[in-house]
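The residues making up each chain are set out below.
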Amino acid sequence: MPENKNKTAKSRPYLCVELLSTFSEKELNNLKEMLSCRYFNTDIYIVKLLEVLKKRVLGKRTFSPELQHDVYGRVFADLPKPKGALSKNQKSLLNTKLNILTKLAEQFLACEVLKNNELRKSELLYAELQERKQIMLFNRHVNKNKKQLNSLIAKDIEQYEQAYKIEANILASMYRNEQLSAKDNLSEVNRSLDIYYLLNKLSLHTTAVSLLQAFDRKAYDFSSIEAINPLLEIPEYAEYPLILLYQTNIKLLKTQDSEVYDNLLELLDKHAKVVPLHLLRTYYFVAINHCISKVWTDRLKYTKKIFDLFVIMHNKNLLIDNNFITVSAFKHLITVGSQVGEFEWSEDIIEHYRSFVQKEVRDSVCHFLYGVIAFYRKDYETAHDRFIQVGKVNLNYDTNTRVLIIKCLYEKEKEYNEYTMTAFRSIESFFKHSKQLPKKNKKGYINFVKILMTLYRIRHREGTRTVEWAEAQLEQQTLNSDKRWLLEKIEVLKKRKQRSW
């Protein structure tokens with residue numbers, strides 16, 4: 001018997017179904033309206049196919065051969081019904097209609113972009129209006145779009161690209177109408193192209209530097225970025241706020257130098273109004289990551305710096321993106337707030353951002369965050385009660401919750417309890433069998449639990465291990481998820497031992 005006969009064949013993805021599954025109810029209804037217009041579509045099967053997919057497939061199930069059979073029968077009700085599985089010709093007919101629907105769905109998305117972006121629509125019109133010699137209409141669009149761009153205080157790379165295209169089309173219009181001898185806008189074209197080009201290059205370079213730091217095996221040729229240095233040194237560009245910020249951000253990513261960090265914060269404070277929100281958000285997170293990298297040198301100082309940066313982001317409304325706060329940023333915000341003793345502020349912040357957490361994980365996230373506040377208040381009973389109410393959020397929350405649960409158990413238990421040891425072993429087993437955790441992280445968590453179990457037994461005078469033995473074991477470990485906290489517990493046990501003498 002062939003080896004693969006018992007294996008379930010993987011169903012290939014249908015691009016049409018995949019794409020339409022991303023459409024909202026409103027978008028599907030608008031797409032149906034578009035398909036009903038003969039300018040876009042004259043095939044009645046396409047309209048029927050969308051209706052059947054919406055009712056029977058989208059968001060409900062995999063587009064299996066059985067479901068394809070069902071869809072075919074409903075869409076092509078006027079054709080002979082399939083007997084058993086779809087024949088080759090029937091499959092071909094269904095796939096043809098799916099491909100047509102895919103192209104129309106793509107056209108709908110393009111129309112939506114043009115409907116919502118006046119500048120993008122005008123870009124397509126510029127050349128066509130010039131070709132038709134509609135100079136007055138062309139000038140109307142150009143003037144309107146320039147006015148729109150000039151009214152923007154904070155411009156992103158996209159807006160600088162649009163500014164360049166406007167100037168390039170004005171130059172093309174002058175050439176077509178033989179006006180270049182009298183006037184031209186070459187200076188404006190060059191300047192807008194330079195700024196757009198430089199910002200684009202610096203943005204790509206930022207990404208490359210970030211990836212190099214995250215992945216050791218990455219390698220890039222930076223000769224082209226080095227070649228543009230003379231252009232970057234032109235006085236007009238050298239003092240351009242966004243160019244300065246990109247360069248300073250890249251320098252900080254490369255060096256983690258404290259002076260560069262201070263310079264970045266000064267530039268952010270000085271030029272905040274002209275920087276797009278998403279870039280401001282990125283730069284502040286880069287500053288936060290810099291402080292995280294320095295925490296080991298002075299924990300209190302850099303934790304306070306991280307907290308202050310989060311307060312700035314909160315005050316500038318930078319923690320909300322597309323009407324949501326990321327659960328990782330929220331966790332970090334409340335953790336550092338609690339670490340610096342801002343407990344009431346942290347509680348107010350949880351309620352401030354509660355509605356901005358995705359609904360399906362909102363309760364679990366807030367239970368976790370209130371648990372963190374209680375933990376740093378040393379109210380371990382309340383913290384434990386909160387943590388055991390945390391459901392599935394993501395891997396980071398899952399691992400942190402388990403670690404905090406066993407920390408709470410260690411801190412709050414007055415007497416040795418074998419059930420607590422069972423809880424420790426259960427969480428150790430979770431880390432051992434986790435397929436999502438990277439090997440290094442997994443080892444770090446397992447080592448943490450092993451030392452914690454040893455300290456728990458020593459604390460309650462169970463077994464023959466000594467504090468010194470546990471400390472030596474910890475020092476030998478190159479990977480441990482929270483060596484600092486364990487060392488603090490060891491110091492407490494040492495002082496208890498000294499008092500008992």
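Before reading on, note that the structure itself is shown above.
Peer 1: Describe a negative patch on the surface, naming the residues involved and giving the relevant values.
Peer 2: A grouping of Asp 257, Glu 259, Asp 262, Glu 266 and Asp 269 is seen on the molecular surface, where their side chains present a negatively charged patch. Turning to its location among the elements, Asp 262 is positioned in helix α14 (residues 258–271). By relative accessible area, which is 38% here, Asp 262 ends up partly exposed.

Peer 1: Describe the nonpolar core, listing the residues and the values that go with them.
Peer 2: One finds Phe 330, Val 365, Phe 387, Phe 424 and Leu 455 to be the most contacted residues of the largest nonpolar core, which totals 102 residues. In this structure, Leu 31, Tyr 45, Leu 49 and Leu 94 belong to the second largest nonpolar core, which totals 31 residues.

Peer 1: I'd like to hear about the state of the cysteines, residue by residue, with values.
Peer 2: All told, the structure shown has zero disulfides when counted by the stated rule. Free cysteine: Cys 37, not disulfide-bonded; nearest cysteine sulfur from Cys 111 at 10 Å. The partly exposed category is assigned to Cys 37, whose relative accessible area is 31%. Left without a disulfide partner, Cys 366 is nearest to the cysteine sulfur of Cys 408, which lies 18 Å away. In this structure Cys 366 comes out as buried when scored by relative accessible area, which is 2%.

Peer 1: If you had to explain the packing of aromatic side chains to someone new, which residues and values would you point to?
Peer 2: The geometry of two aromatic rings is summed up by the distance between their centres and the angle between their planes. Summed over all chains, the structure comprises 23 aromatic pairs. Pairing Phe 430 with Phe 431 gives two aromatic rings, centres 5.3 Å apart and planes at 65°, and the pair type is edge-to-face. Take Phe 430: its relative accessible area is 24%, and that puts it in the partly exposed class. Since its relative accessible area comes to 0%, Phe 431 is described here as buried. Aromatic side chains Phe 448 and Trp 485 sit 6.0 Å apart centroid to centroid with 45° between the ring planes, which places their arrangement in the tilted category. Linking Phe 448 in helix α23 (residues 439–459) with Trp 485 in helix α25 (residues 483–500), this pair joins segments that are 37 residues apart in sequence. Per residue, the accessibility class of Phe 448 equals that of Trp 485, and both read buried. Stacked on the ring of Tyr 410, the Lys or Arg Arg 459 has its end atom at 5.0 Å from the ring centre. One residue, Arg 465, lies across the ring of Trp 469, its end atom 3.9 Å from the ring centre.

Peer 1: Could you give me a rundown of unusual backbone geometry, with the residues and numbers involved?
Peer 2: A positive phi angle is found at Asn 322, which is not glycine, with a value near 55°. Mapped onto the elements of the fold, Asn 322 is located in the loop between α16 (299–315) and α17 (327–339). A positive phi angle, close to 65°, is found at Lys 378, a residue other than glycine. You can see Lys 378 is positioned in the loop between α19 (359–376) and α20 (380–387).

Peer 1: Talk me through the side chain of Glu 123; I want residue IDs and the actual numbers.
Peer 2: Topologically, Glu 123 is positioned in helix α6 (residues 118–131). Separated by 3.0 Å, the side chains of Glu 123 and Arg 120 make a polar contact. The residues touching Glu 123, leaving out its near neighbours within four places in the chain, are Gln 162 and Lys 165.

Peer 1: So what about the packing of α20 against helix α21 (residues 395–412)? Which residues, and what values?
Peer 2: As a packed pair, α20 and α21 sit with axes 9 Å apart at the nearest point and diverge in direction by 150°. On the basis of the axis angle, α20 is roughly antiparallel to α21. Considering only the axes of α20 and α21, their crossing is left-handed. Contacts between α20 and α21 pair Tyr 380, Glu 381, Ala 383, His 384 and Phe 387 from the former with Thr 401, Leu 404, Ile 405, Cys 408, Leu 409, Glu 411 and Lys 412 from the latter. Tallied by class, residues from the contact of α20 with α21 come to seven nonpolar, two polar and three charged.

Peer 1: Which residues make up α6, and what values go with them?
Peer 2: Across its 14 residues, α6 extends 20 Å between first and last C-alpha, which sits within 8% of the 20 Å expected from 1.5 Å per residue. Regarding α6, the residues found buried are Leu 119, Ser 122, Glu 123, Tyr 126, Leu 129 and Gln 130. Packing partners of the buried residues in α6 comprise α7 (135–151) and α8 (157–176). By the N-cap criterion, in which a side-chain oxygen at the helix start approaches the backbone nitrogen of a residue two or three places on, α6 is capped by Asn 117, the distance to Leu 119 being 3.2 Å. Directly after α6, the chain includes Lys 133, whose backbone phi takes a positive value near 60°.

Parameters at a glance
Residues numbered from 1 in each chain as written. Predicted model: local features only at pLDDT ≥ 70, side-chain atom pairs only at ≥ 80, totals over all residues. Heavy atoms only, no water. Patch = residues over 30% accessible without salt bridge, like charges linked within 9 Å, V, L, I, M, F, W, Y side chains within 5 Å. Areas by Shrake-Rupley, 256 points an atom, 1.4 Å probe, with all protein chains shown as cover. Salt bridge = Lys/Arg side-chain N within 4 Å of Asp/Glu carboxyl O. Lys, Arg positive; Asp, Glu negative; His and termini not counted. Charge placed at Lys NZ, Arg CZ, Asp CG, Glu CD. Helix = DSSP H or I, 4+ residues; strand = E, 2+ residues; numbered from the N terminus. Buried < 20%, exposed > 50% of the residue type's maximum accessible area, 1.4 Å probe, protein only. Core = buried A, V, L, I, M, F, W, Y, C linked by side-chain atoms within 4.5 Å. Disulfide = S-S within 2.5 Å. Phe/Tyr/Trp six-rings, centres within 6.5 Å; stacked < 30°, edge-to-face > 60°. Lys NZ or Arg CZ within 6 Å of the ring centre and 35° of its normal. Polar contact = N/O pair within 3.5 Å; in protein donor to acceptor, adjacent residues only side chain to side chain. Contact = heavy atoms within 4.5 Å. Axes fitted to C-alpha atoms, helices over the stretch in contact; angles between N-to-C directions. Parallel < 35°, antiparallel > 145°, perpendicular 65-115°, else oblique. Left-handed = near helix turned anticlockwise from the far one by under 90°. Nonpolar A, V, L, I, M, F, W, Y, C, P; charged D, E, K, R; others polar. Expected span 1.5 Å × (residues − 1).

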